[in-house]
Amino acid sequence: DYRWYAEDLTHPSSIAIDYILGRFLEKTVDSELSAYISRVLKINKMVNHRVINSDSESYLTFKEDLRRKLVQLQKDYKHLKILNSAKLSQYL
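Anyway, here's the lowdown on the structure attached to this text. (Residues numbered from 1 in each chain as written. Predicted model: local features only at pLDDT ≥ 70, side-chain atom pairs only at ≥ 80, totals over all residues. Heavy atoms only, no water.)

Any two aromatic rings considered together are summarised by their centre-to-centre distance and by the angle between their planes. Within the structure shown, the criterion is met by three aromatic pairs. Residues W4 and Y19 carry aromatic rings whose centres are separated by 5.5 Å and whose planes lie at 55° to one another, so their mutual orientation is tilted. Highlighted residues: W4 in the segment before α1 (14-28) and Y19 in helix α1, separated in sequence by 15 residues. A relative accessible area of 29% places W4 in the partly exposed class. (Phe/Tyr/Trp six-rings, centres within 6.5 Å; stacked < 30°, edge-to-face > 60°. Helix = DSSP H or I, 4+ residues; strand = E, 2+ residues; numbered from the N terminus. Buried < 20%, exposed > 50% of the residue type's maximum accessible area, 1.4 Å probe, protein only.)

A word on the packing of helix α2 (residues 31-47) against helix α3 (residues 57-76). Working note: a packed helix pair is described by the angle between its axes plus the distance between those axes. For the pair α2 and α3, interaxial distance at closest approach is 11 Å and the crossing angle is 145°. Our pair here, α2 against α3, has a crossing hand that is left-handed. Contact residues: Y36, R39, V40, I43, M46 and V47 in α2; F62, D65, L66, K69, L70, Q72, L73 and D76 in α3. (Axes fitted to C-alpha atoms, helices over the stretch in contact; angles between N-to-C directions. Left-handed = near helix turned anticlockwise from the far one by under 90°. Contact = heavy atoms within 4.5 Å.)

Moving on to the nonpolar core. Counting eight residues, the largest nonpolar core consists of I43, M46, V47, L66, L70, L73, Y77 and L88. At the level of secondary structure, the elements contributing two or more residues to this core comprise α2 and α3. When sequence neighbours within four positions are dropped, the list of residues in contact with M46 reads F62, D65, L66 and K69. (Core = buried A, V, L, I, M, F, W, Y, C linked by side-chain atoms within 4.5 Å.)

Once that is clear, we can look at α2. Look at α2: 24 Å from first C-alpha to last across 17 residues, which is about the 24 Å you get at 1.5 Å a residue. Listed as buried for α2 are I43, M46 and V47. Down the axis of α2, the sector holding all buried residues measures 100°, keeping them to one side. Facing away from the buried side of α2, by more than 90 degrees, are the exposed residues S31, K42 and K45. (Expected span 1.5 Å × (residues − 1). Arc of directions from axis to C-beta.)

A side chain with one charge can pair with a side chain of the opposite charge if their charged atoms come near. For the structure on display, the rule yields five salt bridges. Residue K27 is joined to E26 by a salt bridge in which the shortest nitrogen-to-oxygen separation is 3.9 Å. Here R67 ties to E64 by a salt bridge, and the two come within 2.8 Å at their closest N and O atoms. In this pair, R67 and E64 are both assigned in helix α3, three residues apart and thus about one turn of the helix distant. Judged by its relative accessible area of 29%, R67 is partly exposed. When salt bridges that share partners are traced, they join R23, E26 and K27 into one network. (Salt bridge = Lys/Arg side-chain N within 4 Å of Asp/Glu carboxyl O.)

Interpretation in functional terms is not warranted from these geometric data alone.
Printed below as a string of structure tokens:
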């Protein structure tokens, strides 16, 4: 089944990587760590989102939602230096 392979037919596709990581985490980590990883992956996806129109109302809403998620993550995990990244500081 070729959906598990990247275009070079040698490396796993992003679908395969997500599936393997999900199964691995499901079997090896507790629910608290799993929830943390899920939150970080969602935020990472938001941060890497390519914006077409940075002046639109939907982008401003998106940016505010991302800011709230980052602030809440930092509150929940004070011991981590989550917001020290220059890439994330633009959302604060």
